[in-house]
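A structural walkthrough
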Amino acid sequence: MAGAGLIPVTILTGYLGAGKTTLLNRILSENHGKKFAVIINEFGELGVDEQLVISADEEIFEMNNGCICCTVRGDLIRVIGGLLKRSQKLDGIIVETTGLADPAPVAQTFFADAEVQSRTRLDTIVTLVDAKHVTAQLAEGREAAEQIAFADLLILNKTDLVTAAELEAVQQRLRSINRFAELIRSVESEVPLAKVLNRQSFELDRMIEIAPDFLAPEGHHHHHDSDIQSVSLTLPGEVELEDFEDWMGFILKSKGADIFRSKGILALAGERRRLVFQGVHMQMRTSFAQPWRPGQSRSSCMVFIGRNLDEDELRKGFELCAAF
Amino acid sequence: MKPKIPAAAPKPYSAFQFSFDHYVTAVAVNRGLPGQSPLIGLALGDGTVRLVRQEQGSSWQGQEVRIVDAALAGSVLCLAALGDGFVAGADDGSLSLVTAQGLVERLAHHPQRWIDAVAVRRDGLVAFSLGKFVGLRLGDTELKLGPLPFSVTDLLWVRNRLAVSHFGGLSVFAGDSNWHEDEVTVQQYRWPGNHEKLKLSPDGQYLASGLRDGEIHVWRTGDFSDMQMAGYPGRVASLAWSWDSLHLVGSGIPELLGWPFDGDGPEGRPPDLLWSGFGGQDSAGAPPRISRVASASHRFGWAVGLENGQLVLHLDDRPKAKPLVVPLAKGRAVTALDWCDLNQPEPGAVIVAGCENGKSIIITVKL
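Quick caveat, the model's predicted, so the values are computed rather than measured. (Residues numbered from 1 in each chain as written. Chains lettered and ligands numbered in written order. Predicted model: local features only at pLDDT ≥ 70, side-chain atom pairs only at ≥ 80, totals over all residues. Heavy atoms only, no water.)

**Some remarks on the packing of aromatic side chains**
All names here are of chain B. What counts, and what does not: Between rings of Phe, Tyr and Trp, where Trp is taken as its six-membered ring, a pair exists when centres lie within 6.5 Å; planes separated by under 30 degrees are stacked, by over 60 edge-to-face, and by other angles tilted. Accessible area is worked out with a 1.4 Å probe on protein chains only. A residue is then buried under 20% of its type maximum, exposed over 50%, and partly exposed in between. In DSSP terms, a helix is any run of H or I states spanning at least four residues, a strand is any run of E spanning at least two, and both are numbered starting from the N terminus.
On inspection of all chains with the given rule, the structure shows 17 aromatic pairs over all chains. Considering the side-chain rings of F16 and F18, the 4.7 Å spacing of their centres and the 80° angle between planes classify their relative orientation as edge-to-face. The partly exposed category is assigned to F16, whose relative accessible area is 22%. Plain terms: the ring middles of F150 and F167 are 4.9 Å apart, the flat faces sit at 70° to each other, and that makes the pair edge-to-face. With a gap of 17 residues between them, F150 in the loop between strand 13 (141–145) and strand 14 (154–158) and F167 in strand 15 (residues 161–174) connect regions that are remote in the sequence. The exposure class of F150 is buried, given its relative accessible area of 19%. On the basis of relative accessibility, which here comes to 11%, the residue F167 falls in the buried class.

**A look at helix 2 (residues 74–83) of chain A**
Where burial is concerned, most of helix 2 of chain A is hidden: nine out of the 10 residues are buried. Considered for burial, the residues of helix 2 of chain A that qualify are A:G74, A:D75, A:L76, A:I77, A:V79, A:I80, A:G81, A:G82 and A:L83.

**Considerations on the interface of chain B and chain A**
Note the threshold: Two residues form a contact once any of their heavy atoms are found within 4.5 Å. Values labelled buried area give the accessible surface lost by two parts on being combined, using a 1.4 Å probe and summing over both. The salt bridge definition used is simple: a Lys or Arg side-chain nitrogen within 4 Å of an Asp or Glu carboxyl oxygen. In the analysis that follows, any N or O atom pair within 3.5 Å is treated as a polar contact, provided that within protein one partner can donate a hydrogen and the other can accept it, and provided that, for residues neighboring in sequence, both atoms belong to side chains.
On the side of chain A, 24 residues touch chain B, which itself brings 29 residues to the contact. Taken over both partners, the interface formed by chain B and chain A buries close to 2200 Å², and the fraction arising from carbon and sulfur atoms is 49%. When the buried area of chain B at its contact with chain A is split by residue, B:Q112, B:W114 and B:R212 rank highest and sum to 26% of it. Here chain B and chain A share six salt bridges between them. With its nearest N and O atoms 2.8 Å apart, the salt bridge here joins A:E115 to B:R235. Our enumeration of links across chain B and chain A arrives at 10 residue pairs in polar contact (both at pLDDT 80 or more).

**Section: the state of the cysteines**
The test is simple: The disulfide criterion used throughout: a pair of cysteine sulfur atoms within 2.5 Å.
Overall, the coordinates contain zero disulfides over all chains when judged by the stated rule. Distance from the sulfur of A:C321, which forms no disulfide, to the nearest cysteine sulfur (A:C301) is 14 Å.

**Brief notes about the nonpolar core**
Residues and elements named next belong to chain A. Defined as follows: The nonpolar core is taken to be a set of buried Ala, Val, Leu, Ile, Met, Phe, Trp, Tyr and Cys residues, with the residues joined through side-chain atoms within 4.5 Å.
With 59 residues, the main nonpolar core has I93 and F110 as its most contacted residues. Broken down by element, this core gets its largest block of residues, six residues, from helix 3 (residues 103–112). Ignoring sequence-local partners within four residues, the contact set of F110 consists of V9, I11, L76, I80, V116, Q117, T120, L122 and R285.

**A look at the sheet that holds strand 17 (residues 206–211) of chain B**
Residues and elements named next belong to chain B. Note the cut-off: The rule for pairing is simple: two strands pair if DSSP sees at least two bridges between them.
In spatial order, the strands read 14-15-16-17-18-19; together these six strands make up an open sheet with antiparallel pairing. Sheet topology places strand 14 and strand 19 (226–227) at the edges, where each strand pairs with a single neighbour. Summarising the sheet, strand 16 (residues 185–200) and strand 17 pair through five bridges and their orientation is antiparallel. What sits directly across from L198, in strand 17, is S209.

**Digging into the packing of helix 10 (residues 241–255) of chain A against helix 11 (residues 311–319) of chain A**
For any two helices packed against each other, one specifies the inter-axial angle together with the distance between the axes. All names here are of chain A. Worth spelling out the cut-off: As a rule, the C-alpha atoms of each element are fitted with a line to give its axis, helices using only the stretch in contact, and angles between N-to-C directions run from 0 to 180 degrees. By definition in this entry, angles of less than 35 degrees are roughly parallel, angles greater than 145 are roughly antiparallel, angles of 65 to 115 are roughly perpendicular, and the rest are oblique.
As a packed pair, helix 10 and helix 11 sit with axes 9 Å apart at the nearest point and diverge in direction by 155°. As summarised for this structure, helix 10 and helix 11 are arranged roughly antiparallel, according to the angle between their axes. Along its contact with helix 10, which presents F244, W247, I251 and K255, the element helix 11 presents E313, L314, G317 and F318.

See the structure below:
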């Protein structure tokens, strides 16, 4: 398994009032026998008297690596560095962001800092959505849509406050922004914790299992009322790693600012293991996952979630990476 | 535990090894009063400080002092000599005074905050990190300086001024003897990047800052004009100056590179290679990187801690002199290192090192 031994990190995002604090209180009060460190934002207030709650001011650092959109959460780097010194071993780290936070810096922290990368792995980005107010929030500014776009797991919360028809419309809306996240509905943030913590969202089999659409071509039935959309690409057969790296490097450099998330599973020429990658804006991380099963037909697939994506151009570029 | 030290020792020395089973986050030496042996403090990831002292004769005695409530499972993060003991900051938000007898007095408590940097002025004035603020212990009262634009990463007294590092540069506070609010001034000295560690040259002329982004930046303490040095290929978590203030070294790379401060200074000049080839390789075949550096302040001497758990001591400045290599922890980084020169009862030094896995050593050298 990729990333074994690394502490899984869950990022909890969502608009003010979406139910983040309620979910955190559930996680902390449930008797799961696990030890989580919870990093809350400066405005957060938890009802649980829990020792491992750390209050952090969201501090956005620009990285000195020449990458203009690479910002990270400096406070997280420091807190995680400190947590790793503790004698008590952690089963996970949960990071809550403020309601209007851009999820990019917090996610990029787990790609851009060598020390953080060597000890932790980004497990899941969870976005809580207030079923009643999300439509208005989407109209208010770009934050709500970007939080939805970043998610591996969407929790459509407060479903008791809307009608069945409204709920269906909201769900369609979320799907038009992010087609690949798992979506679960809840009331008062009541969700099984196994859905939220240590999901291994980035493992290949999980990706397919939780998002069956992952491998399916999009078709054109989705109605895009937002400039954010999801694109999936598949390529039967194998990919030439060097060509792929060149192409992906170019895409992320030139379009990275508009690409919130990218993920993929590749069959490489001459490699029995699958290559899994995931990216946040211009940052990307790859690792090898389980080998292809004997007799299984090898194919590569990837998804992009972003703004103003040119699906045809992406498809053509990906196709040029095919091994021959 | 028997020290594993090679027989060919350049100077008379003795060593004592410990194993604590917890991350060693900081070490410090308190010279003590004349006639006393120095007191050594080791701060650990289990929320304790261990005090170690050499008794009459040569046996070392240790004492465990709990700082963070065991139920909180927190860690002591910083340590500095104060009075006859130490001051310790922890991730439960506490700042504590630890006396030589092992008594603990809580000086401050800020729940959900971490105190991860502390600096003691010569007269005992304690400054500590408190998020974007600096805490000052003035007698029995606590003052808050700030807020700064970003969280405090390190603190250092430059005579009566307090230099504070943070993302984007340095802030220098000055105040009257009571740090009265109306009299406190703060100057910002900007340099982009994530400043994490400060170190003053022994002659007091230069203040060096180590950046996580792989850079060292230096300010002159007279007017705080700065010096731009060429890039550095590693995270600089630790800095040390040579005793004569002519070389500045940092951690994060496999070689000991000394930035020259003679003549025109380091600007536009490459660093001198002081030492390389510490030996060994990691699993990827790369030479081990330096994780901590420390130096003598009264005479020649370097201590270098490596990511592979080795401690390398250079006590002799003759060109062909061999360093002393101590295998301290197998494959686990040296995470805390301090060098303290002593003038009594006889000239010498005490060097303390601790590792990620709790392996620690105290080496005393007679010079």
